[in-house]
Amino acid sequence: MPFEKINSKVVRIAVTPQQAVLARRGAMLGYSGQVAFRPISGQGHGVGGMVGAAMSGESNPMMATEGNGSVLYGFRGLHVTVLDLTGDSLTVEADRILAHDAHLQTSVEFIGQGGVRSAVRGAMTGQGLFTTRLSGHGSVALLSHGGTFPLQLTGDTVGVDPQAYVGHVGALNVDLKASVGLRDLVGRGSGEAFQLHVSGHGTVYVQASEEKF
C-alpha cells in the first residue's frame with residue numbers, strides 16, 4: 001500500500017478492507033471515503049508485548065484506521081519520512097512513529113549493552129534503551145525535527161547524538177556510551193556527554209536537529 005507524501009509534513013495513506021493502517025492517535029488531519037477509526041493500546045502483539053511496551057516507556061497511543069478510502073496524517077508540524085520495508089526490520093523509538101501498515105509485525109526490544117550503567121545513562125539523556133521493531137513488507141511514516149538523512153554503514157562505526165537518532169534498518173549494533181568526563185553530567189561541560197555508537201551493516205536515520213520529542 002503506497003504512502004504518498006503531500007509535502008514534507010503530511011502523508012496520504014490509502015486504506016482498503018484488506019489493508020488497515022495503524023497511526024499515532026491524534027494524527028489524522030482529514031479523510032475521504034468510508035473509513036473508521038478505532039483506538040488501540042500498546043505497540044507489541046499479545047499481552048506480553050503490551051506489558052513490555054508499557055514497562056519500557058515505549059507504549060504509544062495508537063489508532064487503527066479501517067474501511068475504504070484515504071487518510072491524511074501529520075503531527076504537530078513535524079517532518080515526515082516514509083520508509084518501505086521489503087522483508088527487513090526497522091528499529092525505531094515508538095514516539096517517532098506516525099503511521100504504518102497494520103500487517104507489519106511489531107515488538108519491543110532492548111538496544112545497547114552495559115547493564116545498569118547504560119540504563120542510567122539512557123535515562124539521563126532521554127534516550128530510552130528499549131525501542132520498537134517493525135518487520136515485514138510494508139510502509140512506515142516516521143516523525144522528526146527538520147527531516148532525516150541516512151547514514152550507510154558497511155562494517156564501520158559511527159557516533160550519533162542520542163537526541164538526533166531516529167532509527168535504523170539492517171544488522172546493526174547500537175550502544176550508548178559516555179564520551180567525556182563525569183563533570184558533563186553536572187552541567188560543567190559541553191553537553192555532548194553521551195553518544196550512540198552504531199556499528200555493522202545497514203542504514204541509520206538521523207534527524208537534522210538535537211531537539212527532544
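Described below are features of the structure shown in this document. Computed from a predicted model, the values in this text were never measured in an experiment. (Residues numbered from 1 in each chain as written. Predicted model: local features only at pLDDT ≥ 70, side-chain atom pairs only at ≥ 80, totals over all residues. Heavy atoms only, no water.)

Scanning the protein for helices and strands turns up 2 helices and 12 strands. Sequence-ordered secondary structure for the protein, helices as α and strands as β, is β-β-β-β-α-β-β-β-β-α-β-β-β-β. Per-residue burial over the protein gives 47% buried out of 213 residues. The contacts of the protein with a sequence gap of at least 6 include a subset with a gap of at least 24, amounting to 80%. Surface summary for the protein: the accessible area is close to 10100 Å², and the carbon and sulfur share equals 53%. (Helix = DSSP H or I, 4+ residues; strand = E, 2+ residues; numbered from the N terminus. Buried < 20%, exposed > 50% of the residue type's maximum accessible area, 1.4 Å probe, protein only. Contact = heavy atoms within 4.5 Å. Areas by Shrake-Rupley, 256 points an atom, 1.4 Å probe, with all protein chains shown as cover.)

Turning our eyes to something else, we now look at the pairing of strand β5 (residues 62-73). Both faces of the sheet carry side chains from a regular strand, because those side chains alternate between them. Note that strand β2 (residues 10-15) and β5 share 5 bridges and pair antiparallel. Within the sheet, the bridge partner assigned to Ala-14 lies in β5 and is Ser-70. As judged from the 12 bridges shared by strand β4 (residues 28-40) and β5, these two strands associate in the antiparallel manner. Note on β5: the bridge partner recorded for Ser-32 is Ser-70. (Pairing = 2+ DSSP bridges.)

Before going further, it helps to examine the nonpolar core. Within the largest apolar cluster, 18 residues are counted, with the highest numbers of intra-cluster contacts made by Val-11, Ile-13, Tyr-73, Leu-98 and Ala-99. Taken together, the elements giving at least two residues each to this core come down to β2, β3 (21-24), β5, β7 (97-101) and β9 (130-144). Those residues in contact with Ala-99 that sit more than four places away from it in its chain are Phe-3, Ile-13, Val-21, Leu-22, Ala-23, Tyr-73, Ser-139, Val-140 and Ala-141. Among the nonpolar cores identified, the runner-up in size contains 16 residues, and Ala-64, Leu-83, Leu-90 and Ile-97 belong to it. (Core = buried A, V, L, I, M, F, W, Y, C linked by side-chain atoms within 4.5 Å.)

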